[in-house]
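# Geometric and topological summary
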Amino acid sequence: MDDQQRTVTVPIGDVQLPADLMLPAQPDGVVLFAHGSGSSRHSPRNVAVAKTLNDRGLGTVLADLLTPVEDELDARTADLRFDIGLLASRLAGIVDWLATERPAGDVPIGLFGASTGAAAALVAASSRADRVTAVVSRGGRPDLAEDALTQVRTPTLLLVGGLDEEVIALNEQALAELGEVAEMRVIPGATHLFEEPGTLEQVADQAGTWFATHLGR
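Described below are features of the structure shown in this document. What you are looking at is a predicted structure, and each value in this text was computed from that prediction instead of being measured. (Residues numbered from 1 in each chain as written. Predicted model: local features only at pLDDT ≥ 70, side-chain atom pairs only at ≥ 80, totals over all residues. Heavy atoms only, no water.)

### Regarding the packing of helix H3 (residues 84-101) against helix H4 (residues 116-127)
Relative orientation of the contacting elements H3 and H4 amounts to 60°, with a least axis distance of 8 Å. Comparing their axes, H4 and H3 come out oblique. You can see that H3 and H4 cross each other, and the crossing is right-handed. Touching Ile-84, Leu-87, Ala-88, Leu-91 and Ala-92 of H3 are Thr-116, Ala-119, Ala-120, Ala-121, Val-123, Ala-124 and Ser-127, all from H4. (Axes fitted to C-alpha atoms, helices over the stretch in contact; angles between N-to-C directions. Helix = DSSP H or I, 4+ residues; strand = E, 2+ residues; numbered from the N terminus. Parallel < 35°, antiparallel > 145°, perpendicular 65-115°, else oblique. Left-handed = near helix turned anticlockwise from the far one by under 90°. Contact = heavy atoms within 4.5 Å.)

This is the structure in C-alpha cells:
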C-alpha cells in the first residue's frame, strides 16, 4: 500500500475542524500536532517535522484547533490562542476520533505541541492517558498546562532552544511538576523558533526517536 495524503474534516462537538493526514503504508503510530500561538496547520516548521516523522514510518495529523470564524476573532484579539482549556478539549476530541475512526489503523497515538500548543497537548494527554502514548514539546509553554502537569502519566520530551532563556526557565518549572515521566533537552544555539541552520532538524530527529521509542509496537 502506498503513502496516503488527504485532508479531512473532524467533527468535535458542534464544530468541524480541518486536518491534513499523511499516512505511510503500515504506520507504526500516528502523531497529532498542536500548533502554537497565531499559527495554523500549515506551519512550515511543523510540516517539516511531520515530514521527518513520515520518513520514519509514523503517520501525522496536522489540524486546526480553531474554526475560521474563531481564527479571525483570534487574529484581532489574541484571546483564543491562550484558551488552553478550549484547545485541549479540541485536541482530545481529535484523539478520540483517531482512536475510534482509526484512519491510521489501530496504532498508538502521540502528540507534538509547539508554543501554547504544548500546554494543550499536555492537558489532553492528562485526560486521555489511555489513548496518548507519548508527547513532545517544541519551544513550548508547558507551564500553561498548570494543574494538569501533575496528572500527566505519558512519557514527555521537552525540547527548548539554548538561546531561549525565558522559555528554558518556564520548561524547568514544568519539568519539576511533571516529574519522572518527562525529560528536557536543550538544542544549542537555537532561539524560540529554531530558525538557525540545523536546529529544527535536531528537533525533528529527537522527536522522531522519542516517538519511535514510545509508539513502537
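### What to know about the pairing of strand E4 (residues 58-63)
With respect to burial, E4 is a largely interior element, 6 of its 6 residues being buried. Inspection of the sheet shows strand E2 (residues 15-23) paired to E4 by 4 bridges, in the antiparallel sense. Looking across to E4, one finds that Ala-19 is bridged to Ala-63. Of the strand pairs in this sheet, strand E3 (residues 29-34) and E4 are connected by 5 bridges, and their pairing is parallel. Along E4, the bridge assignment pairs Phe-33 with Leu-62. (Buried < 20%, exposed > 50% of the residue type's maximum accessible area, 1.4 Å probe, protein only. Pairing = 2+ DSSP bridges.)

### Considerations on the packing of aromatic side chains
Applying the stated rule across the entire model yields 1 aromatic pair. Seen in terms of ring centroids, Phe-33 and Phe-112 are 4.8 Å apart; in terms of plane orientation they differ by 35°. Their pairing is tilted. Of the two residues, Phe-33 is situated in strand E3 and Phe-112 in strand E5 (residues 109-114); the sequence distance between them amounts to 79 residues. The buried category is assigned to Phe-33, whose relative accessible area is 1%. (Phe/Tyr/Trp six-rings, centres within 6.5 Å; stacked < 30°, edge-to-face > 60°.)

### Some points on helix H1 (residues 44-55)
With 12 residues, H1 extends 17 Å between its outermost C-alpha atoms, agreeing within 8% with the 16 Å of an ideal straight helix rising 1.5 Å per residue. When H1 is considered as a whole, its buried residues turn out to be Asn-46, Val-49, Ala-50, Leu-53 and Asn-54. Seen end-on, H1 carries its buried residues on one side only, within an arc spanning 145°. For H1, exposure combined with an orientation more than 90 degrees from the buried face picks out Pro-44 and Asp-55. Buried-residue contacts for H1 involve E2, E3, E4, E5, strand E6 (132-138) and helix H6 (199-215). Positive backbone phi, approximately 85°, marks Gly-57, located one or two places after H1. (Expected span 1.5 Å × (residues − 1). Arc of directions from axis to C-beta.)

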